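This is what each chain is made of:
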Amino acid sequence: MSANPNQTKNNKLVLKLAAIVVGMFGFGFALVPLYDVLCDALGINGKPSDTAAVYKAIEIDESRLITVDFITRINTGMPWEFRSETRQVKVHPGQLNKVSFYVKNPTKTAIVGQAVPSISPGPAALYMNKTECFCFEQQTLQAGEELLMPMQFYVDPQLPEDITYFTLQYTLYNVTASADFVAMN
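One structure accompanies this document, and this report is about it. (Residues numbered from 1 in each chain as written. Predicted model: local features only at pLDDT ≥ 70, side-chain atom pairs only at ≥ 80, totals over all residues. Heavy atoms only, no water.)

**With respect to a nonpolar patch on the surface**
A cluster of nonpolar side chains, namely Leu13, Leu17, Ile20 and Met24, defines an oily patch on the protein surface of about 410 Å² accessible area. Its location among the elements puts Ile20 in helix H1 (residues 5-42). Under the relative-accessibility criterion, Ile20 is labelled partly exposed at 48%. (Patch = residues over 30% accessible without salt bridge, like charges linked within 9 Å, V, L, I, M, F, W, Y side chains within 5 Å. Areas by Shrake-Rupley, 256 points an atom, 1.4 Å probe, with all protein chains shown as cover. Salt bridge = Lys/Arg side-chain N within 4 Å of Asp/Glu carboxyl O. Helix = DSSP H or I, 4+ residues; strand = E, 2+ residues; numbered from the N terminus. Buried < 20%, exposed > 50% of the residue type's maximum accessible area, 1.4 Å probe, protein only.)

Okay, here's the thing in structure tokens:
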């Protein structure tokens, strides 16, 4: 008995569609690593370390002056006020510096916030060392509470000579729902 020609065509079509679905699923999993590789290759991956650096007394390079700008953003749904007390600092590589960020919860309920940093240009992120930062952990502010949050850092003297200026941006997110979920479990 010979196979029905329509049945053979349908089987081939089903196999092709199944292969496309599997390929799309695999591509979805590969997107994050591909994005990271692409950002690294283009020098736009400005993710600083999320752990505290240990400052050791190192020689300060007083022949160089690096300008660091601080920008703050509030993500949609976060009702806090958030700003840098210092918009810009000029630092020598190796010098320990301290800046503060102001936050206020103007609502009538406690809110948990998380600040996520990014640095531009991306390669400068490798040389930005934070020894103390509010961004390392979530911050809970009660209703009406305001706070000055410190950030202490130094720029590694190994910073390439062509980088004389970079921007550190913090985006503040409302993570109350996920913090409540973790607290309940």
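From this point, the discussion proceeds with the structure in view.
**Description of the packing of aromatic side chains**
Counting across every chain of the model gives 7 aromatic pairs. Summarising the aromatic geometry, the rings of Phe101 and Tyr170 are spaced 5.2 Å apart at their centres and angled 80° between planes, so their arrangement reads as edge-to-face. Separated by 69 residues along the polypeptide, Phe101 in strand E4 (residues 97-104) and Tyr170 in strand E9 (residues 165-174) bring together distant segments of the chain. Tyr170 sits in the buried class, given a relative accessible area of 0%. Aromatic ring contacts, followed pair by pair, group Phe70, Phe82, Phe101, Phe134, Phe153 and Tyr170 into a single cluster. (Phe/Tyr/Trp six-rings, centres within 6.5 Å; stacked < 30°, edge-to-face > 60°.)

**Some remarks on the state of the cysteines**
For the structure on display, the rule yields 1 disulfide. Note on cysteine connectivity: Cys133 is disulfide-linked to Cys135, with sulfurs 2.5 Å apart. One disulfide, between Cys133 and Cys135, carries an S-S torsion of 130° and so falls in the right-handed class. Using a relative accessible area of 8% as the deciding quantity, one classes Cys133 as buried. (Disulfide = S-S within 2.5 Å.)

**A word on the pairing of strand E3 (residues 88-91)**
Along any regular strand the residues' side chains alternate between the sheet's two faces. Residues Val89 and Val91 point to one face of E3 and are all buried, whereas Gln88 and Lys90, pointing to the other face, are not buried. Pairing geometry for strand E1 (residues 66-74) and E3, over 4 bridges, is antiparallel. Bridge pairing in E3 links Thr67 to Lys90. (Pairing = 2+ DSSP bridges.)

**Describing the nonpolar core**
Formed by 31 residues in total, the largest nonpolar core has its most connected members in Phe70, Phe134, Met151, Phe153, Phe166 and Tyr170. When residues of this core are traced back to their parent elements, those giving at least two are E1, E3, E4, strand E5 (111-120), strand E6 (128-133), strand E8 (146-155) and E9. Residues in contact with Phe166, not counting those within four places in the same chain, are Ile66, Thr67, Val68, Asp69, Ile119, Ser120, Pro121, Ala124, Met128 and Val155. (Core = buried A, V, L, I, M, F, W, Y, C linked by side-chain atoms within 4.5 Å. Contact = heavy atoms within 4.5 Å.)

**With respect to the sheet that holds E1**
Ordered in space as E3-E1-E9-E5-E7, the 5 strands form an open sheet in which the pairing is mixed. Looking along the sheet, the strands with just one partner apiece sit at the ends: E3 and strand E7 (139-141). On average, each strand axis in the sheet is tilted by 30° relative to the strand beside it, whichever way the strands run. (Axes fitted to C-alpha atoms, helices over the stretch in contact; angles between N-to-C directions.)

**Quick word on the environment of Cys133**
Residue position: Cys133 is located in strand E6. Residues Cys133 and Ser100 lie 33 residues apart in sequence; the distance between their C-alpha atoms is 9.5 Å. The residues touching Cys133, leaving out its near neighbours within four places in the chain, are Pro150, Met151 and Tyr170.

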